[in-house]
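Residue-level structural notes
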Amino acid sequence: VAIVRAGLDGAISWQTRIGGGGGERVHTVVPVGDRYFLGGTSGSFGGAWGVWFGADGEVITQTSLVDPDGSDLSSAAADGNNAVVIAGDLDLGIDAAAWIARVDIDGGVAWQNRLDGGQLAIEGVARTEDGYVIVGQTLQWVQGEFGDLDLFAAGFAEDGSLRWQKAIGMVDELDRASGVVGLPGGGSVVVGNTRSFGAGDHDIWVIRLDAAGGIVWQQTIGTAASDVPDGVARTPDGIAIAGRTAA
């Protein structure tokens, strides 16, 4: 894996490589104070993998996280100046579990939690004012209220304990979340794509959730063709979404 730090003018201030012979994949890089956390999956070190870098690109710590076999780290978010909250999924054979953990800069896991209940795949995690939210998709949610692929979201307290979880979607349709951001004052905005609602094929789906997981509002953005989001970020006065369209 190569990691490069560049300025706004494109000038490279440092670059480095890390990994072994088993193959590594990076899914997220998060600035935390003057340091950086890289997260992904490692075939060399086993499963979900996290690396802390210093301001000059030096490796501070690296560690395998969660279950070493079949785990994948898909997203991370800064949690103060010395920690990140990370999330991903764990292959259980027929099923897949979701997991969330808080990792300190020394590589120690402060807490972790796991959610079972069908085929869960996690795509995003965010820090909120009073905890954390993870989002993704589920095939067989625990309450059995929805069919096929549904958007999945779950909220956690500061100590990692589960507060709520929910699936959103229509029977026989394909709905999923790809990212989430926390909001000032509490709650979060989830971004994904849906075939249950909207103008046509897949449409971008934006849902605001309150601190208890209740839907405040939702809307779709798209054309009669396929429209899919690839990223979401919070701005000073709202959110920004980037994606792609087949129109």
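Each remark here, short or long, concerns the structure printed above.
Residues numbered from 1 in each chain as written. Predicted model: local features only at pLDDT ≥ 70, side-chain atom pairs only at ≥ 80, totals over all residues. Heavy atoms only, no water.

This paragraph deals with the pairing of strand β13 (residues 150–156). Of all 7 residues making up β13, 7 are buried, and the element is well covered by its neighbours. Pairing between strand β12 (residues 131–138) and β13: 7 bridges, direction antiparallel. Across the sheet, residue I134 finds its bridge partner in β13, namely A154. Where β13 meets strand β14 (residues 162–168), 6 bridges bridge the pair, whose relative direction is antiparallel. Along β14, the bridge assignment pairs G155 with W164. In textbook terms, the turn of a hairpin is the stretch between consecutive antiparallel strands, and for β13 and β14 this stretch comprises 5 residues, one of which, G160, has a positive phi near 90°. (Buried < 20%, exposed > 50% of the residue type's maximum accessible area, 1.4 Å probe, protein only. Helix = DSSP H or I, 4+ residues; strand = E, 2+ residues; numbered from the N terminus. Pairing = 2+ DSSP bridges.)

Turning our eyes to something else, we now look at the sheet that holds β12. Across the sheet, 4 strands lie side by side as β11-β12-β13-β14; this open sheet has antiparallel pairing. Two strands bound the open sheet, and with one partner strand each, they are β11 (120–128) and β14. Between one strand axis and the next, the sheet turns through 15° on average, direction left out of account. Of the pairings in the sheet, the one linking β11 to β12 comprises 8 bridges and is antiparallel in character. Along β12, the bridge assignment pairs T128 with G131. (Axes fitted to C-alpha atoms, helices over the stretch in contact; angles between N-to-C directions.)

Locating L120 in the fold gives a position in strand β11. On the basis of relative accessibility, which here comes to 3%, the residue L120 falls in the buried class. Residues L120 and G88, 32 residues apart in the sequence, show an inter-C-alpha distance of 9.3 Å.

So far we have only geometry, and geometry alone does not tell us how the molecule works.
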